Amino acid sequence: MLQPFRPSAILLTKKSSSSKVWLNRQSRDPYVKLRVSSEASVAGSTSYRSRSAFKLLEMDDKWHFLTPRDVNVVLDLGSAPGGWSQVVAQRLGWADTPGSATDEWDAANPLDISGFESAGGRRGRGTIVAVDLLRMDPIPGVQFVQADFLAPSTEGLLHALVPDIDSDGGAGEADVILCDMAGNSTGNTSHDIESSLAICTSVFEFTKRHMRAARSVGREMGGVLLIKHFRHPLIDAFRTEHLVPHFRDVRYLKPNASRTESREGYFLCRGWRG
Ligand SMILES: C[S@@+](CC[C@H](N)C(=O)[O-])C[C@H]1O[C@@H](n2cnc3c(N)ncnc32)[C@H](O)[C@@H]1O
């Protein structure tokens, strides 16, 4: 007769010690506490869906790349569960609070735009398009595409959702491209760096085709790219070869909300030169 599975003493010890480390870290993490307390303080809405939301809030509070009135088209690459999209929706006026999940997701439809209409009929400005491999519950003001960003067909899906408002017919429609995309960490540094580099390269190629340059809208500053990466000399070389020549200003950001022990950081690239 089959015996029910009983974890061995070793498994139990390993699990409980790693769980303890995790629980310990969570209970001391001020951003986890903040995420939970934002739920309590915002009646009738959900809290931010991710701890990551606080990184974007912190970076935008300092550098103001989402708040200018002429920011109208924002792309959120690697958006699930939706913390960054909630922040963008708030900053573009779609909601005062992080916003609440609305209808059930229709998993059969990769171009579900059910989150587009704001709860209560409130309209913000502009267009927010988010993409992720994983499903994401709707957020008012955010159009979501469930797809692999690295697949060639995804670019067309994203492009179809963004209004092409160039007056001179030139390329480029995004004011801000955000990328918090990351593959699953394997613990193997060279594999993780390779994956981060592949994402950075692909996002940069996409940026070249879709970022708005200053001249196309008569602005002083072209579009902004905020891109996550994992610190490594190869990523530094990517910054020097690709980002620096194409933007007026490129800087490394490590928000307080990003864990110190993590190699994660962000390049904030402002003023796309085209
Ligand atoms: C750190 S999470 C993003 C968290 C998000 N900014 C938030 O605040 O909720 C990274 C996301 O990148 C997504 N991702 C990784 N590779 C992807 C790919 N090739 N295409 C689309 N999404 C991808 C993952 O599914 C994951 O949801």
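Values in this document were obtained by computation on a predicted structure and should not be read as measured data. (Residues numbered from 1 in each chain as written. Predicted model: local features only at pLDDT ≥ 70, side-chain atom pairs only at ≥ 80, totals over all residues. Heavy atoms only, no water.)

Caption draft 1: Representation of the overall build of the chain. Of the regular secondary structure elements, the chain holds eight helices and seven strands. Counting all 274 residues of the chain, 46% fall into the buried class. Across the chain, contacts joining residues at least 24 apart in sequence account for 70% of those joining residues at least 6 apart. Entry remark: accessible area of the chain is about 13,900 Å², with carbon and sulfur atoms responsible for 56%. (Helix = DSSP H or I, 4+ residues; strand = E, 2+ residues; numbered from the N terminus. Buried < 20%, exposed > 50% of the residue type's maximum accessible area, 1.4 Å probe, protein only. Contact = heavy atoms within 4.5 Å. Areas by Shrake-Rupley, 256 points an atom, 1.4 Å probe, with all protein chains shown as cover.)

Caption draft 2: Just unusual backbone geometry, in detail. For the bond running from Ala80 to Pro81, omega is 5°, close enough to zero to count as cis. By secondary structure assignment, the location of Pro81 is in the loop between strand 1 (73-77) and helix 4 (83-91). The phi angle at His64 is positive, at roughly 50°, despite the residue not being glycine.

Caption draft 3: Seen up close, the packing of aromatic side chains. A complete count under the given rule lists seven aromatic pairs for this structure. Ring centres 6.5 Å apart and planes at 65° place the aromatic pair Tyr252 and Phe267 in the edge-to-face group. With Tyr252 in strand 6 (residues 247-253) and Phe267 in strand 7 (residues 264-272), this residue pair connects regions lying 15 residues apart in the sequence. Using a relative accessible area of 1% as the deciding quantity, one classes Phe267 as buried. Aromatic rings pair up to connect Phe204, Phe238, Phe247 and Trp272 into one cluster. (Phe/Tyr/Trp six-rings, centres within 6.5 Å; stacked < 30°, edge-to-face > 60°.)

Caption draft 4: Molecular detail of the UniProt feature "active site" (unreviewed entry) in the chain. Feature annotation in UniProt places "active site" (unreviewed entry) on Lys228, given in this structure's numbering. With residues up to four places along the chain from it excluded, the contact list for Lys228 reads Cys179, Asp180, Met181, Ala182, Cys200, Glu264, Gly265 and Tyr266. (UniProt positions renumbered as here; feature names shortened; annotations may be inferred.)

Caption draft 5: Summary view of the pairing of strand 1. Counted residue by residue, strand 1 has five buried out of five residues, so it is predominantly covered. Here strand 1 shows a buried face lined by Val73, Leu75 and Leu77 and a second buried face lined by Val74 and Asp76. Judged from the five bridges that link them, strand 1 and strand 2 (residues 127-132) form a sheet pairing that is parallel. Along strand 2, the bridge assignment pairs Leu75 with Val129. Summarising the sheet, strand 1 and strand 4 (residues 176-179) pair through four bridges and their orientation is parallel. Residue pairing in the sheet places Val74 in a bridge with Val176 of strand 4. (Pairing = 2+ DSSP bridges.)

Caption draft 6: Here's a closer look at the nonpolar core. With 33 residues, the main nonpolar core has Leu75, Leu77, Val203, Leu225 and Leu243 as its most contacted residues. Among the elements that make up this core, the one with the highest residue count is helix 6 (residues 189-210) (six residues). What Leu77 contacts, discounting residues up to four positions off in sequence, is Val131, Phe149, Leu158, Ile177, Leu178, Cys179, Asp180, Met181 and Val203. Membership of the second largest hydrophobic core comes to 30 residues, among which are Phe65, Val87, Ile128 and Val224. (Core = buried A, V, L, I, M, F, W, Y, C linked by side-chain atoms within 4.5 Å.)

Caption draft 7: Examining the environment of Asp60 more closely. By the element assignment, Asp60 lies in helix 3 (residues 53-63). When its relative accessible area of 0% is taken as the criterion, Asp60 is described as buried. C-alpha of Asp60 to C-alpha of Val87: the two residues are 27 residues apart in sequence and 9.6 Å apart in space. Contact partners of Asp60, with chain neighbours within four places excluded, come to Phe65, Leu66, Thr67 and Arg91. Polar side-chain contacts of Asp60 include one of 2.8 Å to the backbone nitrogen of Leu66. (Polar contact = N/O pair within 3.5 Å; in protein donor to acceptor, adjacent residues only side chain to side chain.)

Caption draft 8: How the structure looks around the site of the ligand. Inspection of the region around the ligand gives 20 residues, with Ser50, Asp132, Asp148, Phe149 and Asp180 positioned closest. Measuring from an oxygen atom of the ligand, one finds a backbone N or O atom of Gly82 at 3.0 Å. With respect to the ligand, the backbone of Phe149 contributes an N or O atom lying 2.8 Å from a nitrogen atom. Across the complex, the protein chains shield 87% of the 600 Å² of accessible surface that the ligand would expose by itself. In terms of residue class, the shell around the ligand is made up of ten nonpolar, six polar and four charged. (Near = heavy atom within 4 Å. Nonpolar A, V, L, I, M, F, W, Y, C, P; charged D, E, K, R; others polar.)

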